[in-house]
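# Architecture and fold: a report
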Amino acid sequence: MIVLVPIAFAAGVITAFTPCILPVLPIVLAGGTGTKRRPYAIAAGLVTTFTAFLLAGAWLWGLLGIGKQHQIQIGAVLLALLAVTLVVPRIGELVERPFAFLTRRRVGDAGGGFLLGASLGLIFIPCGGPVLAALTSNVARDRVGGWLVAIAIAYALGAALPMLAIAAGSRRVAASFRRHAQAVRIAGGALMAAAALVIYNGWAESLQTKVPGYASWLQDAIEGNGQAKNKLASLSGNKAPLKKYVDAPDIQRITAWINSAPLTMQELRGKVVLVDFWTYSCINCLRTLPYLESWDARYRSKGLVILGVHSPEFEFEHSLGNVRAAVKRLGVRYPVALDNDFATWNAYQNQYWPADYLIDRRGHVRDAHFGEGAYAETEHKIRQLLATPLPPALDQPDRTPTELRTPESYLGYTRIGNYAGSPLRTDTPAKYQFPPSLAGDSFAYAGTWTVESERILAGNGARLRLHFLAKSVHLVLGGHGVAGVTLNGKKLRDVEITGDRLYTLVTQKSARDGMLELSFTPGLSAYAFTFG
């Protein structure tokens, strides 16, 4: 694991040169004015809070019931207060006084610098690559150990180092205007206050999404090389991804079979097999089904076997009755294996919905594709492995969405993100209120809800509001009742909920920004939003 420490440090350094630095750059520039020690205090504060909240933030904020948007707003308010200390020196002295014990020398404004860095640690959201993803996924599963802490600290130090250089450089520039020191300090405070206002209102997110990821190639080179991937997989408790030409793992500990008697890879030897990991409420999986079904109809008689391994994401997807009904409703005719224990998922070292593993007639893995898309390429590889006279290839357009859109949003507290409403109360009915405004990609509750680990359960007057950017909006719902759909203040329709599955709520001609509000019959459950 020691090799991940320098990789994490380098990844942190690169982060400071991505669009993520843009919202905090004015604050670092303004905060650099002061004594020689102030830039170091800023870096120390950033490393301290960023590391602490990276490793324990979800737990700490969860105890307080504070959502992501409010976390950032708290940091922005602290920054605004610190901006006041630059404009009014007397207030700055009062802020710095508690830090006098840190040094025998005159404190100067090192204490304020530490607080400034600590505030930055709350609002700095890196453009995360594989290292940060591995850190957060381990923390989410309570897998925090010595190596994870060391890697997190290395990442934070790497991110802080360029900011230290920026703050030190701005201090030197400001020092050249000694006769106008007070004016420079006031100007810095005004700049910091303006940046805090931008961050508080969520305008920084819009700026970041409009700036291209100009450092992504460097992130891929540092974090995406083979050695880094293997070590990160090991850190997360996963094995390295399957390599080509290895023997395909067998189908293991299947709960039930649909459309087929039990199958093994040994019995399928001599066939070309496409193992598709999916789950019936996943919009990405559902968008791949027309391609899978067409290949099954076209090439089954030529030696292709498509095997759908159903690995459930939500509790209701463990039910054989629910999966059987979904398979019938979706028109799936190829074999489907219920992998409720994730035994086959783990045997393939899989991490994605959907994921497709193409296996040749000798039982060797020849290709793997994760997510949507590349349908023409997959069909071409199927035809190559079949190596027999075939009808012409299908001419199917790739309908995979490519435009910028809101990311998948889970509503239960285990994986909740971008929540911006009243403080959460978990596993008990509670009343919620919508905030005055919602930043892009965020959501909030109103009325009575019970927020559980993977779902929210509607009570009296239950409503849900979402600020989204997408062409279509889908929501996994359960129970029996009605969900009323209102878009941008206009009532669209009522959706009848007849069981646990994915429902399409909004369909537009193109991806647009919108405010969606839903009302729910008491007893309905909601799990996750997905977007197209």
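Just so it is clear, the model here is predicted, and its values are computed rather than measured.

## Re the nonpolar core
In this structure, W295, L304, V336 and I382 are the most contacted members of the largest nonpolar core, which totals 35 residues. Elements supplying a minimum of two residues to this core: β2 (272–278), α13 (283–299), β3 (304–310), α14 (320–330), β4 (336–338), α16 (375–386) and β15 (525–531). Among all residues touching L304, those that are not within four sequence positions of it are V272, L274, W295, Y299, I382 and L386. In terms of nonpolar packing, the next biggest core, distinct from the first, is built from 34 residues, L424, I456, A483 and I497 among them.

## As for unusual backbone geometry
W353 connects to P354 through a cis peptide bond whose omega is -15 degrees. Among the secondary structure elements, P354 is positioned in the loop between α15 (343–347) and β5 (355–359). Of note, R253 is a non-glycine position whose phi angle comes to about 45 degrees, a positive value. Its relative accessible area of 59% is what places R253 among the exposed residues. Here the phi dihedral of N259 falls at roughly 70 degrees; this positive angle occurs in a residue that is not glycine. On the secondary structure map, N259 appears in the loop between β1 (257–258) and β2.

## Considering the side chain of E313
Tracing the backbone shows E313 in the loop between β3 and α14. Here Y410 takes part through its side chain, which lies 2.3 Å from a polar atom of the side chain of E313. Ignoring anything within four residues of it in the chain, the contact list for E313 reads T279, W353, E408, Y410, R415 and E454.

## A short note on the pattern of salt bridges
Under the definition given, this model contains nine salt bridges. A salt bridge links R300 to D296, with the shortest nitrogen-to-oxygen separation between them at 3.0 Å. A salt bridge links R415 to E313; its shortest N-O distance comes to 3.5 Å. With R415 in the loop between β7 (409–410) and β8 (430–432) and E313 in the loop between β3 and α14, this pair connects stretches of sequence that are 102 residues apart. Residue classification places R415 among the partly exposed residues on the basis of a relative accessible area of 37%. Here the salt bridges share partners, and the residues they tie into one network are R463, R465 and E517.

## Overview of the side chain of N340
Within the secondary structure, N340 is located in the loop between β4 and α15. At a separation of 3.0 Å, a polar atom in the side chain of N340 contacts the main-chain carbonyl oxygen of H318. Residues contacting N340, with those up to four places away along its chain left out, are T255, H310, P312, E317 and H318.

## Looking at α13
With 17 residues, α13 ought to run about 24 Å at 1.5 Å a step, and its terminal C-alpha atoms sit 25 Å apart, in line with that. Largest kink in α13: about 35 degrees, centred on L289, with the proline P290 one to four residues after it. Of all 17 residues making up α13, 12 are buried, and the element is well covered by its neighbours. What α13 keeps buried is the set I283, N284, C285, R287, T288, L289, Y291, L292, S294, W295, D296 and Y299.

## Concerning the confidence of the model for the chain
Confidence in the prediction for the chain averages 78 pLDDT; 64% of positions are at 70 or higher. The model gives residues 99–110 a pLDDT under 50, and that stretch makes 20 contacts with residues more than four places away or in other chains. The low-confidence segment residues 205–214, where pLDDT is below 50, has 14 contacts with residues more than four positions distant or belonging to other chains.

## Structural notes on the packing of aromatic side chains
Inspection of the entire model under this criterion finds 22 aromatic pairs. With a centroid separation of 5.2 Å and 65 degrees between ring planes, the pair formed by F342 and W345 is classed as edge-to-face. Taken as a pair, F342 and W345 share a single burial class, namely buried. Cluster of aromatic residues (ring-pair linked, three or more members): F277, F342, W345, Y348, Y352, W353, Y357 and F370. For the cation-ring pair, R415 lies above Y410, with the distance from its terminal atom to the ring centre recorded as 3.9 Å.

## A closer look at the sheet that holds β1
Spatial strand order, β1-β4-β3-β2-β5-β6: six strands in an open sheet with mixed pairing. Since the sheet does not close on itself, it has two edges, and those belong to β1 and β6 (365–370), each with one partner. Both β3 and β4 contribute to a ladder of three bridges, which runs parallel. Among the inter-strand pairings, V309 is bridged to a residue of β4, identified as A337. Contacts between α16 and the sheet are confined to β2, β3, β5 and β6, with β5 contributing the most and set at about 20 degrees to the helix.

Each value, and the rule that gives it
- Residues numbered from 1 in each chain as written.
- Predicted model: local features only at pLDDT ≥ 70, side-chain atom pairs only at ≥ 80, totals over all residues.
- Heavy atoms only, no water.
- Core = buried A, V, L, I, M, F, W, Y, C linked by side-chain atoms within 4.5 Å.
- Buried < 20%, exposed > 50% of the residue type's maximum accessible area, 1.4 Å probe, protein only.
- Helix = DSSP H or I, 4+ residues; strand = E, 2+ residues; numbered from the N terminus.
- Contact = heavy atoms within 4.5 Å.
- Polar contact = N/O pair within 3.5 Å; in protein donor to acceptor, adjacent residues only side chain to side chain.
- Salt bridge = Lys/Arg side-chain N within 4 Å of Asp/Glu carboxyl O.
- Expected span 1.5 Å × (residues − 1).
- Bend = angle between axes of the 7 residues up to and from the residue.
- pLDDT = per-residue confidence, 0-100.
- Phe/Tyr/Trp six-rings, centres within 6.5 Å; stacked < 30°, edge-to-face > 60°.
- Lys NZ or Arg CZ within 6 Å of the ring centre and 35° of its normal.
- Pairing = 2+ DSSP bridges.
- Axes fitted to C-alpha atoms, helices over the stretch in contact; angles between N-to-C directions.

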